[in-house]
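If you want the building blocks of each chain, they are given just below.
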Amino acid sequence: MKNDFSKGSVAKNILNLAIPMTLAQVINVLYNVVDRIYIGHLPNASTLALTGLGLTFPIITIISAFANLFGMGGAPLCSIARGKGEHARAQQIMGNSFSMLLLSGIILTVVCLLFKEPILYAFGASSETFVYADDYISIYLVGSVFVMVSLGMNSFINSQGFSKIGMLTVLLGAIVNIVLDPVFIFLLNMGVRGAALATVISQGLSAAWVLRFLTGKQTIYRINLKDMRLNFPLIREITGLGMSGFIMAVTNGSVQVVCNATLYQYGGDLYVGIMTVINSVREILTLPVNGITNGAQPVMGFNYGAGKFTRVRKGIRFTSIVCILYTIVAWGVTFLFPEAFIHLFNSDPTLIEKGVPAMHLYFFGFFMMSLQFAGQSTFVALGRSKQAVFFSLFRKAIIVIPLTIFLPMIGGLGVNGVFLAEPISNFIGGGACFLTMMLTVWPQLAHDAPSSET
C-alpha cells in the first residue's frame, strides 16, 4: 500500500507531510501577503489602498471557509476510509467533495458580485476606502471557483500522502503571482485591480495543476464522473466533519468584520489599516502551526482507522509539544521586533507608531493559541465533528466577538479593547479545547484496538 502511515516513526511521518505542507502554506499566503506588501507601498495612497484591501478579507475568508467545508471535511474521512481499506468509499468521498466545491464556488461568485456594495460598507468601508475594496474584490470573485478547486482538492492530495505534489500546487500559483504583481500593479499602472488579476490568474493555474494530478495515474484515488454523483448521506458526513474548519473560517471572517467596524468607529481608517497589517503578520506566524497540525491529521486519521491508537497518542504528543515551543518563540519575536513586521506592509510613521502597542496587546500569550490548534486538529483527525464544531464556535463567536464589541466601552479602552479580545480568547478558548481533548480523547487511546496488529 502506498503511504502506509501505520509503519515507521509517527513523528517522521508527520514531518514528512508537515514540512512540505508548511512550505506550501508559506507559498500560499504569498498570494495575498505579496499583494498587501505591494499595495501598502503604492505612492500617494498606500494606507487607504491597504485599508481597502483589508476590507475584502472577510469575503475572501468566507470563500476559503467553503473550501474548508468540503475539502477539509472530506480529506480526513478519506484518510480514515483508506486506513480501514474501504477504497471505494474513499473514492466516492473525494468525488462528492469535488462536486460540492464546484457548486458552492459558482453560487458564491454570483451572490457576492450582486451584493458586494452593501457588504463592503457593512464591513467598515468609508467613501475613501470603498473604491479600493471594490476594485479588488470585483476581479477576485471571478476566480472563486479556482480557489475552491485548488484549496479544497489539494487537501485530498495531501491526505493521500503526496505532500510534495500539494506543495507544488501552491508553488506554481505563488511564483506566477509574485511575477505578475509588479507587472500589473506598477508597470501597467493597474494598482489594486492589477493585484487582483494576478491573483486570479495564479489561482487558475493552481486549480489546473490539481485537476491534472487527481485525474492522472500517479494518484491513489482519481476524480471520475461516477463518484461525483451526489450522495446526500455522504455529503452530510463530509459537511459534518468539515463544519469545524468552516465555522472557524466563517467566525474568523465575522471577527474581521466586527473588528473593522469597531475600529473604524473608535479610531477611523488608520486603525482598520493597522488591523490589516496585524492580520497579515498573524497569517505568517501561524503557518508552521497550521503545517504541523494539518500534517498530523492524515497520519492520526489513518492510524485511528487502522485501530493503532497508541500511535495516535504519539501523534498528539508530538504535535502539541512542537506547536507550543514554536509559538512561545514567535511571541518573543513579535514583542521584541514589532516595527520590522509593520515595515513589511507599510512605512507610514503614524501607522507604525500606533501599530506597535496594538501588536503587543494582540499577540500577548500567543502560545495559548497553539493549544486550540492541537486540540482542534485531533478532534477533526478522529472524525469527532461535534467537539470540533463546538470549540470553533466557542473561541471566536462566543468569546472574541462579544469582547470586541463591549471591551472598547469599558474604562475608556477604545481601540485597545479590540486588540485585547484576541489574547483573552486564546487563554480561555485554547485552554478549554486542549483540556477537553486530554480528558475525553486521550484516555480512550491508551491501547490499540483488539483487531490491530501489535
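Scroll up to find the structure this text is about.
The shown structure was predicted, so the numbers you read here are calculated from the model rather than taken from an experiment.

Caption draft 1: Fine view of the overall build of the protein chain. Scanning the protein chain for helices and strands turns up 19 helices and 0 strands. Taking 22 Å as the expected radius of gyration for a compact globule of 454 residues, we find that the protein chain reaches 21 Å, a close match to that expectation. In terms of its C-alpha atoms, the protein chain occupies a principal-axis envelope of roughly 65 × 45 × 35 Å. Burial status across the protein chain gives 59% buried among its 454 residues. Considering only contacts in the protein chain between residues 6 or more positions apart, those separated by 24 or more positions represent 83%.

Caption draft 2: Fine view of the environment of Ile93. When you line up the elements, Ile93 lands in helix 4 (residues 87–114). Sequence separation between Ile93 and Ala81 is 12 residues, and the spatial gap between their C-alpha atoms is 9.2 Å. Filtering out sequence-adjacent residues up to four positions away, Ile93 remains in contact with Gly74, Leu77, Cys78, Ala81, Phe156, Leu234 and Ile238.

Caption draft 3: Just the environment of Gly73, in detail. Along the chain, Gly73 turns up in helix 3 (residues 57–84). Residue Gly73 is classed as buried on the basis of its relative accessible area of 0%. In the structure, Gly73 is positioned 167 residues away from Gly240 in sequence and 7.2 Å away in space, judged by C-alpha atoms. If sequence neighbours within four positions are ignored, Gly73 has contacts with Asn68, Ile238, Leu241 and Gly242.

Caption draft 4: Structural view of the packing of aromatic side chains. Under the definition given, this model contains 16 aromatic pairs. Relative to Phe130, the ring of Tyr121 lies with its centre 4.8 Å away and its plane at 10 degrees, an arrangement referred to as stacked. Judged by its relative accessible area of 38%, Tyr121 is partly exposed. When the ring of Phe390 is compared with that of Phe394, the centres are 5.7 Å apart and the planes differ by 15 degrees; the resulting orientation is stacked. Here Phe390 and its partner Phe394 are both found in helix 18 (residues 385–406), 4 residues apart, which amounts to about one turn of the helix. Site record: aromatic cluster; members linked through ring pairs are Trp331, Phe364, Phe367 and Phe427.

Definitions and cut-offs
Residues numbered from 1 in each chain as written. Predicted model: local features only at pLDDT ≥ 70, side-chain atom pairs only at ≥ 80, totals over all residues. Heavy atoms only, no water. Helix = DSSP H or I, 4+ residues; strand = E, 2+ residues; numbered from the N terminus. Rg over C-alpha atoms; globule rule 2.2 N^0.38 Å. Buried < 20%, exposed > 50% of the residue type's maximum accessible area, 1.4 Å probe, protein only. Contact = heavy atoms within 4.5 Å. Phe/Tyr/Trp six-rings, centres within 6.5 Å; stacked < 30°, edge-to-face > 60°.

These figures come from the coordinates and say nothing about function on their own.
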